[in-house]
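Examining the three-dimensional arrangement
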Amino acid sequence: MAIMAVVHGQLAAKLLVAIFAIIMGVGGYFVMKLLIFDVVDEVWDCGDSILVKNNGREFRFTMPEFRNMSYSPMRPPRITLPLRSPSEEFGTDIAFVPPIRMFPYSVPPIARDLMERIDEARRQLVH
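So, here is what we can say about the structure in this document. Residue numbering note: each chain is counted from 1, following its sequence as written. Residue-level local features of this predicted model are given only where pLDDT is at least 70; pairs of side-chain atoms are given and counted only at 80 or more, and the full residue set underlies all totals for whole chains, interfaces and linings. In computing side-chain values, all of the structure's heavy atoms are included and hydrogens and water are not.

Let's talk about the pairing of strand β1 (residues 42–45)
By this definition, two strands are paired if DSSP reports at least two bridges between them. Helix numbers and strand numbers start at the N terminus; a helix is a DSSP run of H or I with at least 4 residues, a strand a run of E with at least 2. In this structure, β1 lies alongside strand β2 (residues 49–54), joined through four bridges in antiparallel fashion. Pairing of Trp-44 across the sheet is with Leu-51, part of β2. The antiparallel pairing of β1 with β2 creates a hairpin that spans three residues between the two strands, and Gly-47 there sits at a positive phi of about 85 degrees.

Have a look at this one:
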């Protein structure tokens, strides 16, 4: 748009539109970085462990390796599993989008189940 404005001699009229487009692009990038870019490709519940697939690689984490579990119903909904020890691949957290549900603002059963199993694993670490 900016190039066309210069070519047609309407730079002053189109400058505000070009600045707005640039601001929207930068803002969109930061929103995507906050909400989407750190989400892993796949997460599979294996009962006593979680299988994480990301960038063509697979990682398995046992329940005691997680500190906690948090769920955010915002769009997209996400579950975050903070790790007790940082991972080279994921850093301190594993984030994923749970399966889409009919009632999006209720806590999904997978989140409740993960929370209970992580709490149980944490209690067993203390004993």
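That shown, we press on.
Structural notes on the nonpolar core
Note on soluble globular proteins: their nonpolar side chains tend to be buried together. Each nonpolar core is a collection of buried residues, namely Ala, Val, Leu, Ile, Met, Phe, Trp, Tyr and Cys, held together in the definition by side-chain atoms within 4.5 Å. When a residue's accessible area, from a 1.4 Å probe over protein chains only, is under 20% of the maximum for its type it is buried; when over 50% it is exposed; and in between it is partly exposed. Formed by 19 residues in total, the largest nonpolar core has its most connected members in Phe-61, Phe-66, Leu-81 and Ile-94. Every element with two or more residues in this core is listed here: β2, β3 (57–62), β5 (78–87), β6 (91–96) and α3 (109–126). Take this core: its biggest share by element is four residues, from α3. Note on contacts: a residue pair qualifies if any of its non-hydrogen atoms lie within 4.5 Å across the two residues. Apart from the residues within four sequence positions on either side, Phe-61 is in contact with Ser-49, Ile-50, Val-52, Phe-66, Leu-83, Ser-87, Phe-90 and Ile-94.

Observations regarding the side chain of Arg-78
Summarising the element assignment, Arg-78 is placed in strand β5. Residue classification places Arg-78 among the buried residues on the basis of a relative accessible area of 11%. At 2.9 Å, the side chain of Arg-78 forms a polar contact with the side chain of Asp-38. In contact with Arg-78, not counting residues within four places along its chain, are Leu-34, Leu-35, Ile-36, Asp-38, Val-39, Ser-70, Tyr-71, Ser-72, Ala-95, Phe-96, Val-97 and Pro-98. In protein, a polar contact means a hydrogen-donor-capable atom and an acceptor-capable atom, both N or O and within 3.5 Å, with residues adjacent in sequence counting only if both atoms are side-chain atoms; elsewhere, any N or O pair within 3.5 Å suffices.

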